[in-house]
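Residue-level listing of the chains:
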Protein chains: 4
Amino acid sequence: MLEFHTAGESHGPAIITLIRGLPANLEVDIPFINRELSRRQSGFGSGGRMKIEKDEVEILGGVRWGKTLGGPVVFEVKNRDYENWSTLMDPRGSAPSSYEEITIPRPGHADLGGMVKYRFSDLRNVIERASARETVGKCVAGAVAKVFLRHFGVKVGGFVESIGEISAQEEMSWEEKISRAESSPLHTYDPEREKEMIELIEKVGEEGDTLGGTFVVVAQGVVPGLGSYGEIQERLDSQLAFFLMGIPGIKGVEVGEGFRSATLRGSQFHDEIFYDSRRLPFPFYRQTFRSGGVEGGISVGDIMWVRCAMKPIPTLRRGLMSVDVREKKAVSARFERSDICAVPRAMVVGEAMLAWVLAAAYRKKFGGDSMEEIEAYFKDYLDYLESFHSLEDGEI
Amino acid sequence: MLEFHTAGESHGPAIITLIRGLPANLEVDIPFINRELSRRQSGFGSGGRMKIEKDEVEILGGVRWGKTLGGPVVFEVKNRDYENWSTLMDPRGSAPSSYEEITIPRPGHADLGGMVKYRFSDLRNVIERASARETVGKCVAGAVAKVFLRHFGVKVGGFVESIGEISAQEEMSWEEKISRAESSPLHTYDPEREKEMIELIEKVGEEGDTLGGTFVVVAQGVVPGLGSYGEIQERLDSQLAFFLMGIPGIKGVEVGEGFRSATLRGSQFHDEIFYDSRRLPFPFYRQTFRSGGVEGGISVGDIMWVRCAMKPIPTLRRGLMSVDVREKKAVSARFERSDICAVPRAMVVGEAMLAWVLAAAYRKKFGGDSMEEIEAYFKDYLDYLESFHSLEDGEI
Amino acid sequence: MLEFHTAGESHGPAIITLIRGLPANLEVDIPFINRELSRRQSGFGSGGRMKIEKDEVEILGGVRWGKTLGGPVVFEVKNRDYENWSTLMDPRGSAPSSYEEITIPRPGHADLGGMVKYRFSDLRNVIERASARETVGKCVAGAVAKVFLRHFGVKVGGFVESIGEISAQEEMSWEEKISRAESSPLHTYDPEREKEMIELIEKVGEEGDTLGGTFVVVAQGVVPGLGSYGEIQERLDSQLAFFLMGIPGIKGVEVGEGFRSATLRGSQFHDEIFYDSRRLPFPFYRQTFRSGGVEGGISVGDIMWVRCAMKPIPTLRRGLMSVDVREKKAVSARFERSDICAVPRAMVVGEAMLAWVLAAAYRKKFGGDSMEEIEAYFKDYLDYLESFHSLEDGEI
Amino acid sequence: MLEFHTAGESHGPAIITLIRGLPANLEVDIPFINRELSRRQSGFGSGGRMKIEKDEVEILGGVRWGKTLGGPVVFEVKNRDYENWSTLMDPRGSAPSSYEEITIPRPGHADLGGMVKYRFSDLRNVIERASARETVGKCVAGAVAKVFLRHFGVKVGGFVESIGEISAQEEMSWEEKISRAESSPLHTYDPEREKEMIELIEKVGEEGDTLGGTFVVVAQGVVPGLGSYGEIQERLDSQLAFFLMGIPGIKGVEVGEGFRSATLRGSQFHDEIFYDSRRLPFPFYRQTFRSGGVEGGISVGDIMWVRCAMKPIPTLRRGLMSVDVREKKAVSARFERSDICAVPRAMVVGEAMLAWVLAAAYRKKFGGDSMEEIEAYFKDYLDYLESFHSLEDGEI
């Protein structure tokens, strides 16, 4: 029902985001969307690109006077760097008679696979779309999702948990972790470890190497009953895995304490159920969320969280071994300007994808064509949750 | 293009699998499908259900004399236990005037969420579909996918890596691990550890508790160039995550060394590229597959593998705390007959889902409407791979 | 959101209908579904098959005690004729060493195209799925849609308008046309013309020829605001055209007075808008429905109707010229037992498809996971319609 | 597999077309696309808008040096009129404290339905997207489809058949009709009737009224075996109906002689099958195409054609009766600048949609990721067609 498509190359004219299925009369908070784009660009350890681009959205269709019109909405983020690439990346015209093709694929990138798949002789044709710059589009979609979710009391945040082998360790609440991460250079919450992480990034960078890490994204204020167990297509956990694994560089996704759960007994892992009639909107609650807030593919209510593992960036100054596809000679992989560690920025994209999955689930459950209509139906649902099973048999 | 749907309840008449998008003239190897169903039922640590049911498919449509007809194919696996449940699970008729509703949701199951979502007063309505029995349908789809993939030289296998805190440890090749797992009670490859695992399962079972674990599924003989980096919908890693996370009980998925990658340097993680003109069909190859055989959402070629984490089974004899939704009183969660550890069987389902994702990717790349047509196009592609970039510039 | 798939061959074991996206707690009215199947089999001019088969549904999954469970629902209609075809259409086994392949494609059928597409040597492989028997599945889906729509006050009916060159002509209300058609042998409303139609069918049948005709399907009690103009995928008229043109034999579809509209002036065609505060639920109304009740892809409210043209049945006793694909010799097309005129029965399928499109539109607009939830949201919407624009500016 | 989305409002910044699923290395012929846009704007009987806008595409993503890159492609056609509407249609900012809302819905437009659906108080919010200007996006998609189809020898054209009650009548070949229509003011082929049509348009325009008509779109050079009978989703006729009925103003679609077929006998209607081993690529051929070139949902090969009925434009100078939704008073519907007859331009959009359906069908049948790959597979298929059934039994 809710669907987004991104398009555009890293050094082409723009990154485009087209969103289908937004209701009418949603206030599109452009300053907020721009702040999300700026969060995506912030964070210690970024290379030079972030300074060139100061991303801002323009709207090409679907919005009037700040509100959605019910049809598809299109956002454009211009690539400011395009002016330096307007010959090399011109959509028009034809290839110059002579230019330097890139023919050495980098291990860990889409390079070789992309070249084979699309029958390109110049790797630039792969690199340009298989670039982390595409995540600008994902962040736009996610920012719109967050704006939509506000109407239902859902907040989405996140924090970095580890960089390389160094993990944040302090215990504190979700709120505190998120709030601390918001103002931290690495989007993490443990200032002691953050210092070590920064030192590590600097050291590894000097060695011409790169780093990965893990992050957590969290939604608060979720209603129970989203998703379903009935079909794989309807499961929330499948959706989460799909959208988070689809972020460039992500190689592992767990819903809650996924891999740790595999080492625990049932009695240690599962989140017991409690009842307190004063808790609203839903008096049945959990004290723990080891499940990530998803059981059997359905939202438990309250919290939902996912952890992702990001691999080290595959563009290394100390090149890995590769092969020149034209010469068929072993060579060291080429280096393009690149970051040392992108985990803090990937975390922002992770938030966007979590927000997206939830927005789609709300959109599906509550139907409707305008914010007014959806909010009316949502209010009905809150009333239902509040009185859940307080009626007679068969009258739920 | 290739799409499956499962239907049916655990104690209803049957589990149905409907597959769309199969080409015509695919030989449906029914004995093989039945063997896959029997693999799903085998494995140490299973409870009583496995003995009642000996699953076998019947075909209700889409196949004539063992070959597909190009339209949808429907498989039925009868639930032999249905005869004992024909009153309680009758699709017809109406609810008896008096029967015992189940009203105590089990933590870790879809119970509470399902009840809220669908407004049921009897939890049985949730339990029946949110049951691992649904994976019969997934295994049928996966077995058909395996039969299809055979035509392209792709083999799919798997093995259990850990049960609770005990991990298999011996080093050996994929082939060996898979082959040993095939004949092992726990579908694992390290007989020493397997003994410990079995002891653990027995001990934990006696304590009324349950266990999870991890498994790996592997495809061999994959061509490069499946999937894409261009869009999240086209990424192979997203697809893998979606289908594997959608298996009941799975809480974590990593493509290759996902979570470990987050702790490594770029120079330690990425799989270097080599060339040997004698290697067919694709002379560019890898010696390592830490990436899981997917880079930038595209298949690298040769190997593809995924690791999954399964949580402990949420139905415990030593009940977790819950709440009777009717009485609103804290109670111990109810116990239904259940396994202690389902990891070996989930691994078989994992193979099915990996096979499915690959079959869909082959189906998409090679188009066609009959096996003969697809095989012709595939042969073209192998020729192309063999000569990859040995032609003049721009002629790839 | 709401989706159905049919499967099964004309003389195979069964016709299967799998429906996804039904809400929970919908009472599945099996006697009604069977009556719809029986309506599909009735009507003057049918051949012998209708007497062999007395279609009845069985439910294989997704329903308990007559109510949906929220997951996929599977219906099976056994082919009673299968017992006579169990060797020739056995899903198992392999082709007998010798049997008579059908190699003469019939003009007007999928025969030649299907043979080419799927690389079959025996036309039986095409004929079996490209058979009007598949519409059993469509009727099951449509009957379920009708049961769903009842909850929202929507009724779907239809009538035959013409057979060959003879058209029904009396003027009367929709209700009266539908009600008369219900008890008429040809499902039409003008008894005078019906006599002529029957005579024509008899005469044409004696000549070894066949007939087509037109029918109208109508929904009453539709709310305004279904569908959309914003995107082709969301337009109701596109959906109607898709599902009605997809009925075997249908070659033309018009929403309202489609082809006649092309000959009229704007002032003669468009349906003027009136207001009466006492009309509920929506005080803005039409006196005419030349548009078919769809303007700009959106439902106008009250009535929705579509007219379809059905070609004459392509299986003729007096064979058309064709070519034996094996011998490459011109021959007369072969004859299989067949009807002379299938328009009355196609009309029943047309109702099913109209009901389906509407059910899907209601499902999308009102979201929800159970009948109780959808009905609550629908009630909200009726309240809104009633007070449409009676509020202050900007408060609609 | 191939999918397009349009976005943008009539007087907003731009009309956007996003296309997914194009293969890599397709040469995007921009001059051709612009010519198609200019054809859409030409034709006698257009109002003033056509003179303001001279539509030209810019590419925002997915193309480098004139060739597709395998990811999504985005086209932008700027609305030159936007500069006059930049306040009234500004995506940013908020509604002015005072401006004149449009509150009188026009019969025949999406106005009232759209207002109800999306809860707008200003009809401008509906009008802007429910505008024929959206068809710019459809024409861009169709032009790209035509460029793609060229590689497979498929040409798409069309002609107007009637305006109001006046029909073109001369008999001639498809080629001649299309070629004459190309240079005719009304895109029709009978110069005698065209004079009458023009006079009629002028007369009706003077009376403040509007006209509809019919057109035919034709593809030549189609291969047999596209689409399928097996499922409604796969039928070519369903697809054609969906995309052609989705053009604003179209109320009727017939595949070939749809409505006339309903009046004919089987022996008069069906297209007999002939064989000539010298005809390539497919020696089985037809002399007539009354079926529109689609039998049982599958392409017959050679020709495919569809006829559409367009209603008269619903914006009339002599206003129809309507109701002011705010005042609840009967009034005459408001007039916005509008055409008198849009049939010649709708025909161009019709070509676009026919091309789209075919491009999608080729894309699906031949798979592949680059033009080179698809062309290789297509060549295989031509070889197969040529030798169809000249092999031994079972070896087709």
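In what follows, the accompanying structure is described. (Residues numbered from 1 in each chain as written. Chains lettered and ligands numbered in written order. Predicted model: local features only at pLDDT ≥ 70, side-chain atom pairs only at ≥ 80, totals over all residues. Heavy atoms only, no water.)

Observations regarding helix α8 (residues 191–206) of chain B
Residues and elements named next belong to chain B.
Next up, step 1: In this model α8 runs 23 Å from its N-terminal to its C-terminal C-alpha over 16 residues, within 8% of the 22 Å that 1.5 Å per residue would give.
Next up, step 2: Burial in α8 covers these residues: Glu194, Met197, Ile198, Leu200, Ile201, Val204 and Gly205. Relative to the axis of α8, the buried residues are bounded by an arc of 160° and lie together on one face. Exposed and facing more than 90 degrees away from the buried side of α8 are Glu192, Lys195, Glu199 and Glu206.
Next up, step 3: Looking at the packing, one finds that the buried side of α8 touches β7 (155–163) and β8 (166–167).
Next up, step 4: Remark: Gly208 follows α8 within two positions and exhibits a positive phi of approximately 75°. (Helix = DSSP H or I, 4+ residues; strand = E, 2+ residues; numbered from the N terminus. Expected span 1.5 Å × (residues − 1). Buried < 20%, exposed > 50% of the residue type's maximum accessible area, 1.4 Å probe, protein only. Arc of directions from axis to C-beta. Contact = heavy atoms within 4.5 Å.)

Things to note about the side chain of Arg363 of chain B
All names here are of chain B.
Next up, step 1: Structurally, the position occupied by Arg363 is in helix α12 (residues 343–366).
Next up, step 2: Despite being buried, Arg363 has no salt bridge partner; Asp369 is the closest side chain of opposite charge, sitting 4.9 Å away.
Next up, step 3: Reaching out from Arg363, the side chain makes a polar contact with the backbone oxygen of Gly367 at a distance of 2.9 Å.
Next up, step 4: Residues within four places of Arg363 in sequence aside, it is in contact with Met1, Leu2, Gly21, Leu22, Pro23, Phe148, Gly368, Asp369 and Ile374. (Lys, Arg positive; Asp, Glu negative; His and termini not counted. Salt bridge = Lys/Arg side-chain N within 4 Å of Asp/Glu carboxyl O. Polar contact = N/O pair within 3.5 Å; in protein donor to acceptor, adjacent residues only side chain to side chain.)

Notes on the sheet that holds strand β10 (residues 250–255) of chain B
Next up, step 1: Taken in spatial order, the ten strands of this open sheet run β8(A)-β7(A)-β9(A)-β15(A)-β10(A)-β10(B)-β15(B)-β9(B)-β7(B)-β8(B), and their pairing is antiparallel. Each edge of the open sheet is held by one strand with a lone partner, namely β8 (166–167) of chain A together with β8 of chain B.
Next up, step 2: Here helix α12 (residues 343–366) of chain A sits on the sheet in contact with β7 (155–163), β9 (213–222) and β15 (302–310) of chain A, set at roughly 30° to β9 of chain A.
Next up, step 3: Taken strand by strand, α12 of chain B contacts β7, β9 (213–222) and β15 (302–310) of chain B, and its axis lies near 30° from that of β9 of chain B. (Pairing = 2+ DSSP bridges. Axes fitted to C-alpha atoms, helices over the stretch in contact; angles between N-to-C directions.)

Re the interface of chain A and chain C
Next up, step 1: Taken together, the contact pairs 21 residues of chain A with 21 residues of chain C.
Next up, step 2: Carbon and sulfur atoms make up 41% of the area that chain A and chain C hide from each other, which totals about 1600 Å².
Next up, step 3: Broken down residue by residue, the surface that chain A buries against chain C is led by Arg20, Lys365 and Tyr377 of chain A, which jointly contribute 31%.
Next up, step 4: The tally of links from chain A across to chain C stands at eight salt bridges.
Next up, step 5: Between Lys365 of chain A and Glu373 of chain C there is a salt bridge; the shortest N-O distance is 2.9 Å.
Next up, step 6: Looking at the side of chain A that touches chain C, the elements that each hand over two or more residues are α12 and α13 (371–386) of chain A.
Next up, step 7: Tallying contributions element by element places α13 of chain A first for the side of chain A that touches chain C, with five residues.
Next up, step 8: Tallied by class, residues from the side of chain A that touches chain C come to eight nonpolar, five polar and eight charged. (Buried area = accessible area lost by both parts, 1.4 Å probe. Nonpolar A, V, L, I, M, F, W, Y, C, P; charged D, E, K, R; others polar.)

Re the interface of chain D and chain C
Next up, step 1: The interface is formed by 114 residues belonging to chain D together with 114 residues belonging to chain C.
Next up, step 2: Together, the buried faces of chain D and chain C total about 9100 Å²; carbon and sulfur atoms form 62% of this surface.
Next up, step 3: Counting across the chain D and chain C interface gives two salt bridges.
Next up, step 4: One salt bridge connects Arg265 of chain C with Glu207 of chain D, and the closest N-O pair in it is separated by 3.6 Å.
Next up, step 5: Summed over the shared surface of chain D and chain C, the result is 41 residue pairs in polar contact (both at pLDDT 80 or more).
Next up, step 6: Considered class by class, the residues forming the side of chain D that touches chain C number 53 nonpolar, 34 polar and 27 charged.

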